[in-house]
Amino acid sequence: MDAETLTAMISDAKKCTQVKVYLKCRQKLEFPNAFQFGDHDQIIIGDYKLIVPILSRHKDDIEQMHIETMCVNSAIPLKDTKYLHARIEPGAIIRDYVEIKDRAVIMMGAIINIGASIGYDTMIDMGAVLGGRAIVKDRCHIGANAVLSGVIEPPSAKPVIIEDDVMIGANAVILEGVHVHKGAVVAAGAVVTQDVAENTLVAGVPAKIIKQRDEKTTKKTTQVKALRQL
């Protein structure tokens, strides 16, 4: 999905300030444009601007109220992940319009922004960030707290592309427009500012070529298939 399309979607989307209201009331209130549960003790989930007029009209009937704000003027909701043939662990934040293919693993605290794509058998480790339109192909491992820069703005920028069988170490940063080719390895903590050739190991700030991928490197970066079983 190109940046112009994503920008138009965000701009044109109906903005929503999602809230959860805990309400103790003398009578059951009706909220036709929200989800509601209970009678005198109610939980209401919906857009604040549709809920607050009803609360205001019935303020004399309300005995107790607590409001939790979930987001403010949000344009794009979170992705409905329950039908995916993938493993999504608690605390992962995944926006809508993200592609996640079979047997992908998204660990706790990972953040996946709009327009990103994650391939078959790829693992996104704890706290990793995939910015808008980042592309990670098959059988990759994106290490804990690694960052793949997003490029929704400016729209002319090229997205990060991670080809098949790439290993990105913990805390590495891949800048916008960088293309990491098949089988490459990015060491932990590296900052990658230029394309990485196939089967090359890079490290450092900025990242430089250390060596070609060899048998020792392959052993250290071997995936565990059991972790991808569903």
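Figured I'd write up the structure that's included with this text. (Residues numbered from 1 in each chain as written. Predicted model: local features only at pLDDT ≥ 70, side-chain atom pairs only at ≥ 80, totals over all residues. Heavy atoms only, no water.)

**What about the overall build of the protein?**
What counts, and what does not: Comment: elements are numbered from the N terminus, with helices defined as DSSP H or I runs of at least four residues and strands as E runs of at least two. A 1.4 Å probe rolled over the protein chains alone gives each residue an accessible area, and that area as a share of the maximum for its type sets the label: buried under 20%, exposed over 50%, partly exposed in between. Contacts were defined at the residue level, with two residues in contact if any of their heavy atoms lie within 4.5 Å. The method behind every accessible area is Shrake-Rupley, applied with a 1.4 Å probe, and residues are considered shielded solely by the protein chains displayed.
Each helix and strand counted, the protein has three helices and 23 strands in total. Across its three principal axes, the protein shows a C-alpha extent of roughly 75 × 40 × 30 Å. Each of the 230 residues in the protein was classed as buried or not, and the buried ones make up 38%. Long-range contacts, defined as pairs at least 24 residues apart, comprise 33% of the intrachain contacts of the protein with a sequence gap of at least 6. Put simply, the protein shows about 12,400 Å² of open surface, and 54% of that area lies on carbon and sulfur atoms.

**Brief notes about the environment of Lys-79**
Residue position: Lys-79 is located in the loop between β4 (62-69) and β5 (87-88). Put simply, Lys-79 and Ile-93 are 14 residues apart on the chain and 8.6 Å apart in space, counted from C-alpha to C-alpha. Ignoring any residue separated from it by four or fewer positions in sequence, one finds Lys-79 in contact with Leu-84, Ile-94, Arg-95, Asp-96 and Val-98.

**Some details on the sheet that holds strand β3 (residues 41-47)**
Let me state the cut-off plainly: Should DSSP find at least two bridges between two strands, the strands are taken to pair. For helices, the fitted line uses only the C-alpha atoms of the stretch in contact; every axis is such a line through C-alpha atoms, and the angle between N-to-C directions lies from 0 to 180 degrees.
The sheet built from four strands is open, its strands ordered β2-β3-β1-β4 with antiparallel pairing. In this open sheet, the two edge strands, each paired with only one partner strand, are β2 (35-37) and β4. The average angle at which neighbouring strand axes cross in this sheet is 15°, direction not considered. Two strands pair when backbone bridges link them, and β2 and β3 are joined in this way by three bridges, in the antiparallel orientation. Paired with Gln-36 across the two strands is Ile-44, which belongs to β3. Seen against the sheet, helix α2 (residues 48-57) touches β1 (18-25), β3 and β4 and runs at an angle of roughly 140° to β3.

**Describing the pattern of salt bridges**
Two side chains that carry opposite charge are able to pair once their charged atoms sit near each other. Selection rule: Salt bridges are defined as contacts in which a side-chain nitrogen from Lys or Arg sits within 4 Å of a carboxyl oxygen from Asp or Glu.
Scanning the entire structure with this criterion turns up twelve salt bridges. Residue Glu-163 pairs with Lys-137 through a salt bridge whose shortest N-O separation is 3.2 Å. Residue Glu-163 is located in the loop between β16 (161-162) and β17 (167-168), and its partner Lys-137 is located in the loop between β13 (135-136) and β14 (141-142); the two are separated by 26 residues in the primary sequence. Put simply, Arg-139, Asp-164, Asp-165 and Lys-182 are held in one network by salt bridges that share partners.

**Section: a nonpolar patch on the surface**
Which entries qualify depends on this criterion: Only residues whose relative accessible area exceeds 30% and that take part in no salt bridge are eligible for patches, with like-charged residues grouped when within 9 Å of each other and nonpolar side chains (Val, Leu, Ile, Met, Phe, Trp, Tyr) grouped when within 5 Å.
Together, Tyr-22, Phe-35, Phe-37 and Ile-43 give the surface a local cluster of nonpolar side chains, amounting to about 390 Å² of exposed area. On the secondary structure map, Ile-43 appears in strand β3.

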